[in-house]
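The residues making up each chain are set out below.
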Amino acid sequence: MNKHLIDPQSVQEAADILISGRVCAFPTETVYGLGADATNSDAVLSIYETKGRPRFNPLIVHCANLDMAESLAEFSPLAKRLAKAWPGPLTLVLPQKSGNKISDIVTAGLDTIAIRIPDHPLALDLIRAAGRPLAAPSANPSGRLSPTNAYQVRIGFGGRVPVLDGGPCEAGVESTILKVVGDSVVQLRAGALARDEAERMLGRRIEVAEHDAAIAAPGMLPSHYAPQATLRLNAEAPFADEAYLAFGPAPATDRPLLNLSPTARLHEAARNLFAMLHDLDAMGVGKIAVAPIPEEGLGEAINDRLQRAAAPRA
Ligand code: TXA
Ligand code: MG
């Protein structure tokens, strides 16, 4: 049983775990991923088992470089333009290249594949050392908050999963997912790359998929990313039985309070979001009131995660 944190010097140790067909958590610039060899179906099944993920939903395949990515998927000129965001917090859903060695369980039998090159030196070193693409969903038990540091991964899985420790994640929310098929680009999930930035790279607008679009996957379900506490959104101040998650100047209150960004910076708020929800859960508060967050830039991803966290639980 691997109960330990793997220090950053030991990328090879983590790679050996992955090569042997076991799961290992690793840092990315967005959130920690629960990695497995994307070409090994048994290894990929261990991801679902470990997360308690109820259904086989498609996973993101993490590559070390464009050559590796291009061996797995067909890149249209549009996709190539978006791939200039790599390494970075953008996942592209593209037509699969036939004959690639990726397990069908990774792609849930679809003819598309989700790919990204993460912008984190340890993640890139790990993929190179493993010598193969890594499938990795966020490293949290299904339906819970995504982890933004190694400690949260350990707590989440009760110490049962080895974790390559890269410190806190820079972005703090998951990657933006864009599906590129033919001449169309659709945003399936708002994330750490703001939509207007991707639109600037493309030189055109990007359509947003409906919440209840055909793609059924945990990250697209109304209730996901849930803390233990219940959430009340767009609250200017907490009620007497609530903790408060502030953004910008905080109201005077004697209730427990954390501030996503005292100076109202969206990047800082995204980085702190899951960590502060984790912290409020750890403090045992049952109800959290959350300040309004502007729906611009990274605010789109932050509000998406907050709405899912606040949605009625299944
Ligand atoms: O930042 C991230 O994206 C993190 C880090 C670890 O890279 N990963 C992550 O993975 O958030 P996960 O499994 O929590 O979310 C993957 C999402 C799912 O909602 C799934 O529906 C979507 O990617 N997805 C994967 N393959 C797809 C496909 N072929 N078509 C449509 N959606 C797909
Ligand atoms: Mg997730």
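Keep in mind the model is a prediction, meaning the values are calculated, not measured.

A. The arrangement of the sheet that holds strand β14 (residues 257-259) in detail. One open sheet holds the four strands; their spatial order is β12-β15-β13-β14, and the pairing between them is parallel. This sheet does not close on itself; its edge strands, each paired only once, are β12 (230-232) and β14. Mean inter-strand twist for the sheet, computed between neighbouring axes without regard to direction, equals 25°. The strands touched by helix α9 (residues 266-282) within the sheet are β12, β13 (243-246), β14 and β15 (287-290), with β14 carrying the most contacts at an inclination of about 170°.

B. Broad picture of the domain arrangement of the protein chain. With domains assigned, the protein chain is organised as domain 1 (5-172) and domain 2 (230-310). Summarising the inter-unit geometry, the C-alpha centres of domain 1 and domain 2 are found 28 Å apart. At the interface, ten residues of domain 1 touch eight residues of domain 2. A combined buried area of about 780 Å² lies between domain 1 and domain 2, and 56% of that area is made up of carbon and sulfur atoms. Contact with domain 2 buries area across many residues of domain 1, yet Leu-145, Gln-152 and Glu-170 alone supply 57% of it, more than any other trio. Ionic pairing is found between Arg-271 and Glu-170, a salt bridge with its closest N-O pair at 4.0 Å. On inspection of domain 1 and its partner domain 2, the count reaches two residue pairs in polar contact (both at pLDDT 80 or more). For the side of domain 1 that touches domain 2, the per-class residue count stands at five nonpolar, four polar and one charged.

C. Examining the side chain of Asn-140 more closely. Within the secondary structure, Asn-140 sits in the loop between β7 (134-135) and α7 (150-156). Judged by relative accessible area, Asn-140 falls into the buried class, the value being 2%. One polar contact links Asn-140 to Ser-138, side chain to side chain, over a distance of 2.6 Å. In this structure Asn-140 touches Lys-51, Leu-145, Ser-146, Pro-147 and Phe-157, once residues within four positions along its chain are discounted.

D. Fine view of the pairing of strand β9 (residues 176-181). Here strand β5 (residues 90-95) runs beside β9; their pairing, made up of four bridges, is parallel. Residue pairing in the sheet places Thr-91 in a bridge with Ile-177 of β9. With five bridges connecting them, β9 and strand β10 (residues 184-189) associate as antiparallel partners. The residue of β10 that forms the bridge with Leu-178 is Gln-187. Hairpin connection between β9 and β10: a loop of two residues separates the two successive antiparallel strands, and Gly-182 in this loop has a positive phi of roughly 60°.

E. The packing of α9 against helix α10 (residues 299-310), seen in detail. One way to put it is that α9 packs onto α10 with a least axis distance of 9 Å and a crossing angle of 25°. It follows that α9 is roughly parallel to α10 by the angle criterion. Pair α9 / α10 crosses with left-handed handedness. Facing α9, whose interface residues are Leu-266, Ala-269, Ala-270, Leu-273 and Phe-274, α10 presents Gly-299, Ile-302, Arg-305 and Leu-306.

Calculation criteria
Residues numbered from 1 in each chain as written. Chains lettered and ligands numbered in written order. Predicted model: local features only at pLDDT ≥ 70, side-chain atom pairs only at ≥ 80, totals over all residues. Heavy atoms only, no water. Pairing = 2+ DSSP bridges. Helix = DSSP H or I, 4+ residues; strand = E, 2+ residues; numbered from the N terminus. Axes fitted to C-alpha atoms, helices over the stretch in contact; angles between N-to-C directions. Contact = heavy atoms within 4.5 Å. Domains from an automatic or database assignment. Buried area = accessible area lost by both parts, 1.4 Å probe. Salt bridge = Lys/Arg side-chain N within 4 Å of Asp/Glu carboxyl O. Polar contact = N/O pair within 3.5 Å; in protein donor to acceptor, adjacent residues only side chain to side chain. Nonpolar A, V, L, I, M, F, W, Y, C, P; charged D, E, K, R; others polar. Buried < 20%, exposed > 50% of the residue type's maximum accessible area, 1.4 Å probe, protein only. Parallel < 35°, antiparallel > 145°, perpendicular 65-115°, else oblique. Left-handed = near helix turned anticlockwise from the far one by under 90°.

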